[in-house]
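The chain contents come next:
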Amino acid sequence: MKTDTDVQSVDGQFSAYVALPDRSNGLAVIVFQEIFGVNANIRQIVDDFAVAGYAAAAPDLYWRQQPGIQLDPGSEAERAQAMELMAGLNRDEAVQDGAATLNMLRDRLPGLKRSAAVGYCFGGGVAYLMAARGLVDAGISYYGTGLQQLLPEMIHSQGRLLLHIAADDHLCPPEAQHLIAEAAHVAGSRASVSIHDGVGHAFARVGGATYNREAADRANAETFALLEALASLD
């Protein structure tokens, strides 16, 4: 089943795109958007998780500004619009929306035992915080922005973290990558960092200008390995 579903949050109601598997493996996955909203790319990612047996949903993080907007990364005008909208986002509110979305999935599928958050770009930082604050069992970030500003939460993370970082990401320069790697070392087994060499920001966005299939396949394989390990836990 695939549908847009209303979700009740503490400060209002918003929409989330939901895809439910034919047969659930007991794991919920919350998908956090890039700066372009819950567009066709994010919806396909949600669908792919459902095909793999996960109950998946992507909350509309722009609902407080412009509900339901879906932007095209290939349009210069819409990229500029996305940057303006992103400036109005608050990560703590986005974490709140993710928690509400997870509660919605649990209400619909009481058999869900484990949970994970997967995020891209801005959403990568939200997925990171969901896990660090113990709201999900694992957080997976693809080229998350601003992670170097959130390092104390990594060190004390309550959930498992997997961070996919593009070595040539202009939004995460080498000095930031070094700080993130140091914090992951302090966090120990709770955090791991995968540096993907030779690629830039958004390397996993299918159809994007910087898409790199080899790196995306490698990152996705690591992601699914972690999700499968979570789903197999009692």
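Whatever comes next refers back to the structure up there.
In short, a report on the structure. None of the values given here were measured: they were computed from a predicted structure.

1. A few points about the environment of Phe 203
Moving on, step 1. Secondary-structure assignment places Phe 203 in the loop between β8 (191–196) and α7 (213–231).
Moving on, step 2. Between the alpha carbons of Phe 203 and Ala 219 there is a distance of 9.8 Å; along the sequence they are 16 residues apart.
Moving on, step 3. Apart from residues no more than four positions distant in its own chain, Phe 203 is found in contact with Tyr 143, His 164, Ala 166, His 196, Thr 210, Tyr 211, Asn 212, Ala 215, Ala 216 and Ala 219.

2. Topic: the sheet that holds β8
Moving on, step 1. In spatial order, the strands read β1-β2-β4-β3-β5-β6-β7-β8; together these 8 strands make up an open sheet with mixed pairing. Edge positions in the open sheet fall to β1 (2–9) and β8, since each of these has one partner strand only. Ignoring strand direction, the axes of neighbouring strands in this sheet form an average angle of 20 degrees.
Moving on, step 2. Across 5 bridges, the pairing between strand β5 (residues 114–120) and strand β6 (residues 138–142) is parallel. Within β6, the position partnered with Ala 117 by the bridge is Gly 139.
Moving on, step 3. Contacts from helix α3 (residues 91–108) reach β1, β2 (12–19), β3 (27–32), β4 (55–59) and β5 within the one sheet, and its direction differs from that of β1 by about 115 degrees.
Moving on, step 4. Relative to β5, helix α4 (residues 122–132) is tilted by about 155 degrees, and along the sheet it contacts β3, β5, β6 and β7 (160–166).

3. Description of unusual backbone geometry
For residues that are not glycine, phi is negative in most cases, and the peptide bond is trans in most cases.
Moving on, step 1. Phi at Cys 121 is positive, roughly 60 degrees, even though this residue is not glycine.
Moving on, step 2. As for its placement among the helices and strands, Cys 121 is situated in the loop between β5 and α4.
Moving on, step 3. One non-glycine residue, Tyr 143, adopts positive backbone phi at about 40 degrees.
Moving on, step 4. Its location among the elements puts Tyr 143 in the loop between β6 and α5 (151–155).

4. So, the packing of α3 against α4
Moving on, step 1. Following both chains from N to C, one finds α3 and α4 inclined at 65 degrees, their axes separated by 9 Å at the closest point. Overall, the two elements α3 and α4 adopt an arrangement that is roughly perpendicular. Our pair here, α3 against α4, has a crossing hand that is right-handed. For the pair formed by α3 and α4, the contact residues are Arg 91, Ala 94, Val 95, Gly 98 and Ala 99 on the first element and Phe 122, Gly 125, Val 126, Leu 129 and Met 130 on the second.
Moving on, step 2. Split into classes, the residues belonging to the contact of α3 with α4 amount to 7 nonpolar, 2 polar and 1 charged.

5. Focus: the nonpolar core
Where a protein is soluble and globular, its nonpolar side chains tend to be buried together.
Moving on, step 1. Residues Val 31, Phe 49, Leu 105, Tyr 128 and Met 154 are the most contacted members of the largest nonpolar core, which totals 85 residues.
Moving on, step 2. Aside from chain neighbours lying at most four places away, what touches Leu 105 is Val 18, Leu 20, Ala 28, Ile 30, Ala 55, Ala 56, Ala 57 and Leu 112.

6. So, α4
Moving on, step 1. Counting buried residues in α4 gives 11 out of 11 residues, a clear majority hidden from the surface.
Moving on, step 2. Backbone geometry just downstream of α4 places Gly 134 in the positive-phi region, at approximately 75 degrees.

7. Some details on the pattern of salt bridges
Moving on, step 1. Tallying each qualifying case throughout the model produces 10 salt bridges.
Moving on, step 2. Its salt-bridge partner being Asp 4, residue Arg 43 comes within 3.1 Å of it at the nearest N-O pair. With Arg 43 in helix α1 (residues 40–51) and Asp 4 in strand β1, this pair connects stretches of sequence that are 39 residues apart.
Moving on, step 3. Residue classification places Arg 43 among the buried positions, given a relative accessible area of 18%.
Moving on, step 4. We note a salt bridge from Asp 137 to Arg 114, for which the minimum N-O separation is 3.8 Å. Taken as a pair, Asp 137 in the loop between α4 and β6 and Arg 114 in strand β5 lie far apart in primary sequence, 23 residues in all.
Moving on, step 5. Classification of Arg 114 as partly exposed rests on a relative accessible area of 24%.
Moving on, step 6. One connected set of salt bridges, linked through shared partners, spans Asp 11, Arg 64, Glu 93 and Asp 97.

Reading the values: the criteria
Residues numbered from 1 in each chain as written. Predicted model: local features only at pLDDT ≥ 70, side-chain atom pairs only at ≥ 80, totals over all residues. Heavy atoms only, no water. Helix = DSSP H or I, 4+ residues; strand = E, 2+ residues; numbered from the N terminus. Contact = heavy atoms within 4.5 Å. Pairing = 2+ DSSP bridges. Axes fitted to C-alpha atoms, helices over the stretch in contact; angles between N-to-C directions. Parallel < 35°, antiparallel > 145°, perpendicular 65-115°, else oblique. Left-handed = near helix turned anticlockwise from the far one by under 90°. Nonpolar A, V, L, I, M, F, W, Y, C, P; charged D, E, K, R; others polar. Core = buried A, V, L, I, M, F, W, Y, C linked by side-chain atoms within 4.5 Å. Buried < 20%, exposed > 50% of the residue type's maximum accessible area, 1.4 Å probe, protein only. Salt bridge = Lys/Arg side-chain N within 4 Å of Asp/Glu carboxyl O.

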